[in-house]
Amino acid sequence: MKKVVLILAFIGLLIVLAVGTLSQKDYEPTTLIKLKEKFTRTEKPSVDHSKFAVLQQKFISPQQVTKACESCHNLTAHQVMNSNHWNWEREEYVEGRGVIYLGKRNAINNFCIGTKGNEESCAKCHIGYGMDSKGKIYTDSTNIDCLVCHDNTETYAKAPEKGGLPLMTLDFNKIAASVGKPKRSNCGVCHFFGGGGNNVKHGDLEMAMFEPSKDIDIHMSVDGVNLQCVDCHTTEQHNISGKVYSLSSMSHNRNNCEQCHTETPHDDDILNEHTLKVACQSCHIPTYAKANATKMYWDWSTAGKLNDGEPFIEEDSLGNHSYMSIKGSFVWKKNIKPDYIWFNGTASHYLEGDKIQDTTKPLVLNKLNGSYLDDESKIIPVKIHVAKQPFDPVNKLLIQPKLFADKKGEGAYWKDFNWLTASEAGMKELNLPFSGKVSFLKTEMYWPINHMVAAKENSVQCNECHTRNDSRLAGLNDFYLPGRDYSTVVDTGGKWLVILTIIGILIHAIIRFFSYRKLGKEVSK
Amino acid sequence: MIKKQFYIYKSFERFWHWMQAILIFFLAFTGFEIHGTYSFFGFRDAVRYHNIAAYMLIILIAFAIFWHLSTGEYKQYIPTLKNIKAQLNYYIFGIFRNAPHPTKKSVLSKLNPLQKITYFSLKVLVIPLSVTSGLLYIFYRYPSKHGVEAINIKTLEFIAIFHTVAAILLVVFIITHLYLITTGDTITSNLKAMLTGYEELEDENDKKINEPKLSTQNLD
């Protein structure tokens, strides 16, 4: 009787355990409900700018609008002129270099290479007017372009190659009356087109994000919570949170998912444990460049071919430029599985004038630091952009060529198609030596993928990483990953131990079978 | 020699044995899927089922330890070197000549010396290795999750490898075990005994009179 009770008690315990663990908790975590409530509330602005007298005057230049803004917002210019968007550089401390000033002003990338000497063209994405290579505008607050960020009519547009000035045909009064919080269109007009076209640079920021569907981005989807950029990139005194590591190297002022979703957003404990070493983006952004292709490879070395003395353009099957005489050849890709790396929030950059140590390997322009053993590091998804770009094989320096000029004869590559004169003019602008020799070097840039978050049903599944074949994390080999890794010695040894055991048993069984038969026959005789 | 039915496996013992058999088989099946040897449930479900079965096995082991200690049955597993050679000889030669088992099974001594040493090492080496490495596998992140850096375990590699080694040893044991249960008096007599609890054995009292020398060996 006692035994029966004991066994029944044990079975009862097992049932309770099994029911407890197997039953699905299908309610949503409360943080998610709170967030949905927060972001579906519509915010009413506290002022209507169209009623202000100072904005009723007839504006004929954008600087007049800025003056009108500053007549009320009289301390704001100071904030803006301290921002990265204005200065195109920020103070950064880098291990081994000390304090440096890093930004668009002086960094080298592997797209259009650099801004120096090309300011008039590049300043189409500067929040100021009248930029040139002398940098005069940085001290004059009437050159602040308030409208590019605060226009809510979606009609404001900068003119090409005018140092940041807008098209003069715009209705400045209508635009000034509309101003408000920046929308996706305000940020996107620059950030979606970096590198000279839609989705050239980021891969996860492109014009499909103006009005994305849920398939493109679960947060910003117009049929969903419809988040604007500044809902996550919270801003205080014109200092916008979040950064891109093509130009940043310190782990501060970062934006992350945890600021809304907490560090343990899942029902499942095992998934929550992943957040110690895996960034949210790694699982929740299974692919990027979902709507339009992004540039993966840029070969400057093939630039300069001309048709009857004229530059030309070729397109690939998706309608993207595959060749441009002014830039070289490109490879574009769509729906890309990211690469994965360890990242602790710090980066080290190739800076103008750095000697290249090893010209046989691809040069990484922004090395993202991190490793498994580093407690600050997490696995993040990245786009790796590869390029072949001009470098000086004698001085071992990357060349920043002069690309843009109004007319021929100033050395600009986009007019004259001559690497020697373009390199000479460009390096002179930088005060760097040029040997007179131009060669091409393979370079890489790492772009963290943070946008185009998928619905939770579409996130990366366990077995896409925890597998021996074609794991998403196949490139990260400094740690043991269950399902992917194993000890060859143990596995091979174990396999042979099992095989030999089975063979031994079979032999034993066969001998037993025949000897019994023989014995049986003898007995029957 | 008179043979009689003896009740040698108590009901809890049988329940424990079969429950353990099911759990270990299931753990091995899901475990080698997690290991990447094949895929069946899918990684996520395999992990989930593996963990549930692991907790069930741990509870079962706790009950079994209590049972063995409280009934004194643990004494059955204390290894002895006596007759090991005879038992080995039997499996290598005697069995083919239909020789009798060198050690006689009885209620007080259910296990032959080879079984004793095998089950003993399972109980003190392989199962503890498997359970400890398994628990570490589940919980090795807890210190760093709660900010206790001092006892933080940095890498899973050794934990995982020890867990695999224990699993392989268990698989080899099960294969051998499955074959050796056919070496009883008849091919199915051992299996029947573990299912019903009863096995036909020689009567000790009867034997003592007829073959006193042999019977003393078993009573040790």
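Nothing here was measured: the structure is a model prediction, and the numbers come from that model. (Residues numbered from 1 in each chain as written. Chains lettered and ligands numbered in written order. Predicted model: local features only at pLDDT ≥ 70, side-chain atom pairs only at ≥ 80, totals over all residues. Heavy atoms only, no water.)

## Considerations on the packing of aromatic side chains
Here is step 1 of the chain: Within the structure shown, the criterion is met by 34 aromatic pairs over all chains.
Here is step 2 of the chain: Ring geometry for Phe-25 of chain B and Phe-29 of chain B: centres 6.4 Å apart, planes at 15 degrees, overall stacked. Placement of both Phe-25 of chain B and Phe-29 of chain B in helix H1 (residues 11–35) is noted, with a separation of four residues, approximately one turn of the helix.
Here is step 3 of the chain: An aromatic cluster of at least three residues, connected via ring pairs, comprises Phe-111, Trp-298, Trp-300, Phe-330, Tyr-413, Phe-417, Trp-419, Phe-440 and Trp-447 of chain A.
Here is step 4 of the chain: For the cation-ring pair, Lys-277 of chain A lies above Tyr-372 of chain A, with the distance from its terminal atom to the ring centre recorded as 5.0 Å.
Here is step 5 of the chain: The cationic tip of Lys-295 of chain A hangs over the ring face of Trp-298 of chain A; the distance from NZ or CZ to the ring centre is 4.1 Å. (Phe/Tyr/Trp six-rings, centres within 6.5 Å; stacked < 30°, edge-to-face > 60°. Helix = DSSP H or I, 4+ residues; strand = E, 2+ residues; numbered from the N terminus. Lys NZ or Arg CZ within 6 Å of the ring centre and 35° of its normal.)

## Re the confidence of the model for chain B
Here is step 1 of the chain: Averaged over chain B, the pLDDT score is 87; the fraction of residues at 70 or greater is 91%.
Here is step 2 of the chain: For this predicted complex, the interface confidence comes out at an ipTM of 0.87, alongside a pTM of 0.88. (pLDDT = per-residue confidence, 0-100.)

## Some thoughts on helix H2 (residues 43–71) of chain B
Here is step 1 of the chain: Counted at 1.5 Å a residue, the expected span for H2 of chain B with its 29 residues is 42 Å, and the 41 Å between its end C-alpha atoms agrees.
Here is step 2 of the chain: Taken from the residues just after H2 of chain B, Gly-72 of chain B is the one with a positive phi, measuring 80 degrees. (Expected span 1.5 Å × (residues − 1).)

## Some words on the side chain of Lys-277 of chain A
Here is step 1 of the chain: Locating Lys-277 of chain A in the fold gives a position in the loop between helix H12 (269–274) and helix H13 (280–284).
Here is step 2 of the chain: There is no salt bridge for the buried Lys-277 of chain A, and the closest opposite charge comes from Asp-375 of chain A, which lies 4.3 Å off by N-O distance.
Here is step 3 of the chain: Residues within four places of Lys-277 of chain A in sequence aside, it is in contact with Trp-342, Tyr-372, Asp-374, Asp-375, Ser-377, Lys-378 and Ile-379 of chain A together with Arg-141 of chain B. (Buried < 20%, exposed > 50% of the residue type's maximum accessible area, 1.4 Å probe, protein only. Lys, Arg positive; Asp, Glu negative; His and termini not counted. Salt bridge = Lys/Arg side-chain N within 4 Å of Asp/Glu carboxyl O. Contact = heavy atoms within 4.5 Å.)

## Details of the nonpolar core
Here is step 1 of the chain: Formed by 31 residues in total, the largest nonpolar core has its most connected members in Trp-298, Tyr-350, Ile-356, Leu-363, Leu-365, Leu-398 and Tyr-413 of chain A.
Here is step 2 of the chain: If near-sequence neighbours (up to four positions away) are discounted, Tyr-413 of chain A is found in contact with Ala-303, Gly-304, Ser-325, Ile-326, Lys-402, Leu-403, Asn-418, Trp-419 and Ala-422 of chain A.
Here is step 3 of the chain: Core analysis: the second largest hydrophobic core is formed by 28 residues, Ala-53, Tyr-77, Val-126 and Phe-173 of chain B among them. (Core = buried A, V, L, I, M, F, W, Y, C linked by side-chain atoms within 4.5 Å.)

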